[in-house]
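Structure assessment
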Amino acid sequence: MLNRRSFLLGCGVTATGLLGSGASAQAAEPDVRACRPADPLQALLQGNARFAAAWQASDAASTAENRAEAMAGLWQDNCYLPPSTLQDAQAPWASVLCCADSRVSPEWIFDAVPSDLFVIRSAGNTAFKEAIASLEYAVSVLKTPLILVMGHSRCGAITAARSNAPLTPLLDELVAPIRANRMPGQTLDAAIRANARHTAEQLTQRSALLADAVASAQLSIHSAYFDIGTGTVSMI
Ligand SMILES: [Zn+2]
């Protein structure tokens, strides 16, 4: 299996100092895992509660300046690692697979900082093979303990998948799993939730590595729904 050292060396980067080899010169450096929370899912939800409060306060503000003020309280309660540590290593504590929609930025939504989240985004957050491969890397090399698949309200990709309007061949391919799971009479909101659940299920069905990690309790996979209006994430 690909490990951290072989990956780094394969990229032409020296692994010296990154592996906790015990060399005294490295002893004083912060541990890249120092900011990992004990309960990553809880940490995501707590970060989202901070974001949602700021988001809703900004909605109540009457000017752009006041909205900026409302959002300025974010990124105040985070655990920050020095960039000099992060330039050599990362230890994200959650992976997020979500839509490319401009209103769905995970670092905002979860009040997270660089090195917290390993993020994969594409229109409609489907389980396309490059996404699964990226998650395999996050789990096997970076030891990320949680994957969250997150759909969102008013998703344009799901809307496009549900319509009969012609798409480009590549878009057709991207939304194929959404179309395959269409149910008669299903609302847009139900389709968005069903797609997030289906994507989460696909991860272990299509990746033996992810299935093994779940079976050995090294990984948990969840699906969630982000409501743009309120800023809240709810588990599905
Ligand atoms: Zn979307």
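Summary of the structure given here. (Residues numbered from 1 in each chain as written. Predicted model: local features only at pLDDT ≥ 70, side-chain atom pairs only at ≥ 80, totals over all residues. Heavy atoms only, no water.)

Take the overall build of the chain next. Looking only at helices and strands, the chain features ten helices and five strands. Counting across all 236 residues of the chain, residues that qualify as buried make up 40%. Counting every atom, the chain has about 12000 Å² of accessible surface; 55% of that belongs to carbon and sulfur. (Helix = DSSP H or I, 4+ residues; strand = E, 2+ residues; numbered from the N terminus. Buried < 20%, exposed > 50% of the residue type's maximum accessible area, 1.4 Å probe, protein only. Areas by Shrake-Rupley, 256 points an atom, 1.4 Å probe, with all protein chains shown as cover.)

Ideal geometry at a metal centre: 109.5 degrees between donors when four sit tetrahedrally, and 90 or 180 degrees when six sit octahedrally. Taken together, the protein donors to the zinc ion comprise C99 (SG), H152 (NE2) and C155 (SG), at separations of 2.0 to 2.3 Å. Each donor residue of the zinc ion belongs to the same chain, and together they define the spacing C-x52-H-x2-C. Note that C99 is positioned in the loop between β1 (94-98) and α5 (106-109) and C155 in the loop between β3 (146-152) and α7 (156-162), a separation of 56 residues in sequence. An identical accessibility class is assigned to C99 and C155; each is buried. (Donors = N, O, S within 2.8 Å, 3.2 Å for Na, K, Ca; no water.)

This part covers the state of the cysteines. As enumerated under the stated definition, the model contains one disulfide in all. Sulfur-sulfur distance for the disulfide between C35 and C79 comes to 1.9 Å. Because the torsion about its S-S bond is -70°, the bridge between C35 and C79 counts as left-handed. Taken together, the residues C35 in the loop between α1 (4-10) and α2 (40-60) and C79 in the loop between α3 (64-71) and α4 (83-86) connect sequence positions 44 residues apart. The exposure class of C35 is buried, given its relative accessible area of 13%. Its sulfur unpaired, C98 is 7.2 Å from the next cysteine sulfur, which belongs to C99. (Disulfide = S-S within 2.5 Å.)

What follows concerns the pattern of salt bridges. Where charged atoms from two side chains of opposite charge come close, those side chains can pair. Throughout the structure, instances matching the rule amount to four salt bridges. In this structure, the salt-bridge partner of D111 is R50, at a minimum N-O distance of 2.5 Å. Placement of the pair is D111 in the loop between α5 and β2 (117-121) and R50 in helix α2, with a sequence separation of 61 residues. Overall, D111 belongs to the buried group, its relative accessible area being 2%. (Salt bridge = Lys/Arg side-chain N within 4 Å of Asp/Glu carboxyl O.)

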